[in-house]
Amino acid sequence: QWQPVESGGGLVQPGGSLRLSCASSGFTLSPYGIGWFRQAPGKEREGVACISSSGEDLKYEEPAKGRFTISRDNAKDTVYLQMDNLRPEATAIYFCASGVTRRWGTPCVPQDYDSWGQGTPVTVSA
């Protein structure tokens, strides 16, 4: 199965910013809804933000609200997660996933996605 490819993670100081990108080599993401999820050591995977295939429906879960922005540029076949004012608790592996199950307005949950990237680590530390 094909899978998305994340990039843009790394080490950042508290209060800093990162922009994660989600793309796919040899496949297009444009027909699919995209979700960003994260998993910290010893914690369950949680939803961060999801976006519909058209980009018209955006859903932010608690970790993202007020600080993160999900967007997509279908012409470039790329989905972004802009992360601002990062805090140490944002440290996790961030995953991009694609799927067709999620309905507009519903929570951003892993069960609605079936193709997953390998993840990109984000570390927020002074």
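Here, every reference points to the structure presented above.
Residues numbered from 1 in each chain as written. Predicted model: local features only at pLDDT ≥ 70, side-chain atom pairs only at ≥ 80, totals over all residues. Heavy atoms only, no water.

Q: Tell me what's going on with the overall build of the protein chain, and back it up with residues and numbers.
A: Per the secondary structure count, the protein chain includes zero helices and 11 strands. Secondary structure elements in the protein chain, listed N-terminal to C-terminal, are β-β-β-β-β-β-β-β-β-β-β. The C-alpha atoms of the protein chain give 13 Å as radius of gyration, which agrees with the globular expectation for 126 residues (14 Å, within 12%). Summarising its shape, the C-alpha atoms of the protein chain cover approximately 40 × 30 × 25 Å along the three principal directions. Relative to its full complement of 126 residues, the protein chain shows a buried share of 46%. Taking as baseline every contact in the protein chain between residues at least 6 positions apart, the subset at least 24 positions apart corresponds to 60%. (Helix = DSSP H or I, 4+ residues; strand = E, 2+ residues; numbered from the N terminus. Rg over C-alpha atoms; globule rule 2.2 N^0.38 Å. Buried < 20%, exposed > 50% of the residue type's maximum accessible area, 1.4 Å probe, protein only. Contact = heavy atoms within 4.5 Å.)

Q: For the environment of Gln 111, give the residues involved together with the corresponding values.
A: Relative to the helices and strands, Gln 111 resides in the loop between strand E9 (92-99) and strand E10 (115-116). Overall, Gln 111 belongs to the exposed group, its relative accessible area being 65%.

Q: Break down the nonpolar core for me, citing the residues and quoting the values.
A: Membership of the largest hydrophobic core comes to 24 residues, with the highest contact counts inside it found for Trp 36, Val 48, Phe 68, Leu 81, Met 83, Leu 86 and Tyr 94. Leaving out residues up to four positions away in the same chain, Met 83 has contacts with Gly 16, Ser 17, Leu 18, Leu 20, Arg 67, Phe 68, Tyr 94 and Val 122. Formed by seven residues, the second largest nonpolar core is a distinct cluster that contains Phe 37, Phe 95, Tyr 113 and Trp 116. (Core = buried A, V, L, I, M, F, W, Y, C linked by side-chain atoms within 4.5 Å.)

Q: Give me the state of the cysteines: which residues, what numbers.
A: Inspection of every chain in the model, using the stated rule, returns two disulfides. With its sulfur 1.9 Å from that of its partner, Cys 22 forms a disulfide with Cys 96. A torsion of -70° about the S-S bond marks the disulfide between Cys 22 and Cys 96 as left-handed. Here Cys 22 is found in strand E3 (residues 18-23), whereas its partner Cys 96 is found in strand E9, with 74 residues between them in sequence. Of the two residues, Cys 22 and Cys 96, both sit in the buried class. Taken N- to C-terminal, the disulfide-bonded cysteines of the protein chain are connected 1-3, 2-4. (Disulfide = S-S within 2.5 Å.)

Q: Tell me about unusual backbone geometry, and name the residues and values.
A: Even without being a glycine, Asp 77 presents a positive backbone phi close to 55°. Along the chain, Asp 77 turns up in the loop between strand E7 (68-73) and strand E8 (78-83). Its identity is not glycine, yet Asn 85 carries a phi of approximately 50°, on the positive side. With respect to the helices and strands, Asn 85 occurs in the loop between E8 and E9.

Q: Help me get a handle on the sheet that holds E8, residues and values and all.
A: Read across the sheet, four strands follow the order E1-E3-E8-E7 without closing on themselves; strand pairing throughout is antiparallel. In this open sheet, the two edge strands, each paired with only one partner strand, are strand E1 (5-7) and E7. Averaged over neighbouring strand pairs, the angle between their axes works out to 20° when direction is ignored. The sheet contact formed by E7 and E8 spans six bridges and is antiparallel. Following the sheet pairing, Ile 70 is matched in E8 by Leu 81. (Pairing = 2+ DSSP bridges. Axes fitted to C-alpha atoms, helices over the stretch in contact; angles between N-to-C directions.)

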